[in-house]
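Chain by chain, the residues:
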Amino acid sequence: MHWLFLSRCTTRLLASFFIAALAACGGKPQELVLAGAALGTSYHVKVVDPPAHLDVATLGARIDALLADLDLKLSTYQPDSELNRLNRQPVGRPFVASDDLYQVLGVARYAFVRSNGAFDPTVRPLVDLWGFGPVDTGGRVPPATEVSRWLARIGFDKVELADGNQVIRRAPVTLDLSAVAKGFIVDRLATELQSLGVDDFMVEVGGEVRVDGHRADGRRWRIAIEAPSESGGAAQVLALTGKGVATSGDYRNYFERDGQRYSHTIDPRTGEPIRHRLASATVVAATAAEADALATALMVMGPEDGLAFAAANDLAVLLLVKRDAGFETLASKGMQTFLLPQAASAEPAAGERE
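Attention here is on the structure that accompanies the text. Note that the structure is a prediction, hence the values are computed from the model and not measured. Residue numbers restart at each chain and count upward from 1, following the sequence in its written direction. Local features are withheld for residues below a pLDDT of 70 in this predicted model, meaning they are given only at 70 or higher, and side-chain atom pairs are given and counted only at 80 or more; totals for whole chains, interfaces and linings count all residues. Only heavy atoms go into the side-chain values, all of them from the structure, while hydrogens and water stay out.

### Concerning the sheet that holds strand β5 (residues 166-169)
Step number 1: At least two bridges found by DSSP between two strands are what make those strands a pair. A helix here means a DSSP run of H or I that spans at least four residues, while a strand means a run of E at least two residues long, and both kinds are numbered starting from the N terminus. An order of β3-β5-β4 is seen for the three strands of this open sheet, with the pairing classed as antiparallel. Across the chains shown, the open sheet's two edge strands, defined by having one partner strand only, are β3 (95-96) and β4 (159-162).
Step number 2: Alignment of β4 against β5, held across four bridges, turns out to be antiparallel. From the neighbouring strand, Glu 160 faces β5, where its bridge partner is Ile 168.
Step number 3: In what follows, residue pairs with any heavy atoms lying within 4.5 Å of each other are defined as contacts. Fitting a line to C-alpha atoms yields each axis, with helices limited to the stretch in contact; the angle taken between N-to-C directions then spans 0 to 180 degrees. On the sheet, helix α4 (residues 99-114) packs against β3, β4 and β5 and is oriented at approximately 120 degrees with respect to β4.

What follows is the structure in structure tokens.
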């Protein structure tokens, strides 16, 4: 299957084409398919056996409106987004967040606590320091004293989530929800589809996926896990229903200096890029937001600690580890039930998108 990267203005045209082709084969369309670009990435929505009242125009309009609304709330790039207004709120003064922003922060808090700080949405200043933010530092390796100084300034434990959707920054930390927002957006799109009476669907945003019900052939949805290599392809295929799945990877964004490889994945506990050989981590969970955040945490932990974390928390985890002769696949006990033979055909891949 080829990926479709379309502008939002072409979304309805694409979906109409699919509907016309399917309707011509016998009346009511069996699937609605929409794909487009939004929030700096791509999205793909597939609805099986849509309700009679749901047409492509209605579905496209609802998706566009929801994506635009969430962009205004969660974006790190829009200066007046709700998230950036929270980041500018004076330290100690409560900020009353929307339900969406507060829920994302709740998932982030859950992942931060559960992973003992391996997931931390305040790590952005250290990402910038190492040259993986909007300013290219030319592969500069910052001195240890500079890393330590910034490390002392981060920490999601400096952010309080209080009753009434109140968020209080107890220190001048900067929140960046990029490692959980895509998964949350997937979940919100899934909820939107369910509110329209849709039972069988697949939603994908930037590589994070949520599925429910079944495919048109009555089988569970099959989601490909992208191989951590330039050639791409599917490393594994999962069979899922009623689940979210997300993959975090370390194989595309890095620099090398004096023979040392520096990853874009920064360990919030040390302030430095990870140095282990884990290339990607995939998590299957009840929601895409939870899977998104935990996949990031696992990339920080590495293969040994990651598998131990998965076992201790009964998580469905798939790890691809760099070896001299390729990649080794490690799967937790909870993941075994979802794995299919690699020859199985699949929907768009769950995989890291830059």
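### Quick look at the packing of aromatic side chains
Step number 1: For this analysis, a ring pair means two rings from Phe, Tyr or Trp (six-membered ring only for Trp) whose centres lie within 6.5 Å, classed as stacked if their planes differ by under 30 degrees, edge-to-face if by over 60, and tilted for the remaining angles. Within the structure shown, the criterion is met by two aromatic pairs.
Step number 2: Taken together, a centroid distance of 5.8 Å and an interplanar angle of 90 degrees make the contact between Phe 112 and Phe 156 edge-to-face. With Phe 112 in helix α4 and Phe 156 in the loop between α6 (144-151) and β4, the pair connects residues that are 44 residues apart, well separated along the chain.
Step number 3: Only protein chains enter the accessibility calculation, which uses a 1.4 Å probe; a residue is then buried when its area is under 20% of its type maximum, exposed when over 50%, and partly exposed in between. On the basis of relative accessible area, Phe 112 is assigned to the buried category, the value being 14%.
Step number 4: Assessed through its relative accessible area of 0%, Phe 156 is described here as buried.
Step number 5: Each ring, one from Trp 130 and one from Tyr 262, has its centre 5.7 Å from the other, and the planes form 25 degrees; the classification is stacked. A residue pair is termed long-range when its members are at least 10 positions apart, and Trp 130 in the loop between α5 (124-129) and α6 and Tyr 262 in strand β12 (residues 260-263) qualify at 132 residues.

Purely geometric stuff here, so don't read any function into it on its own.
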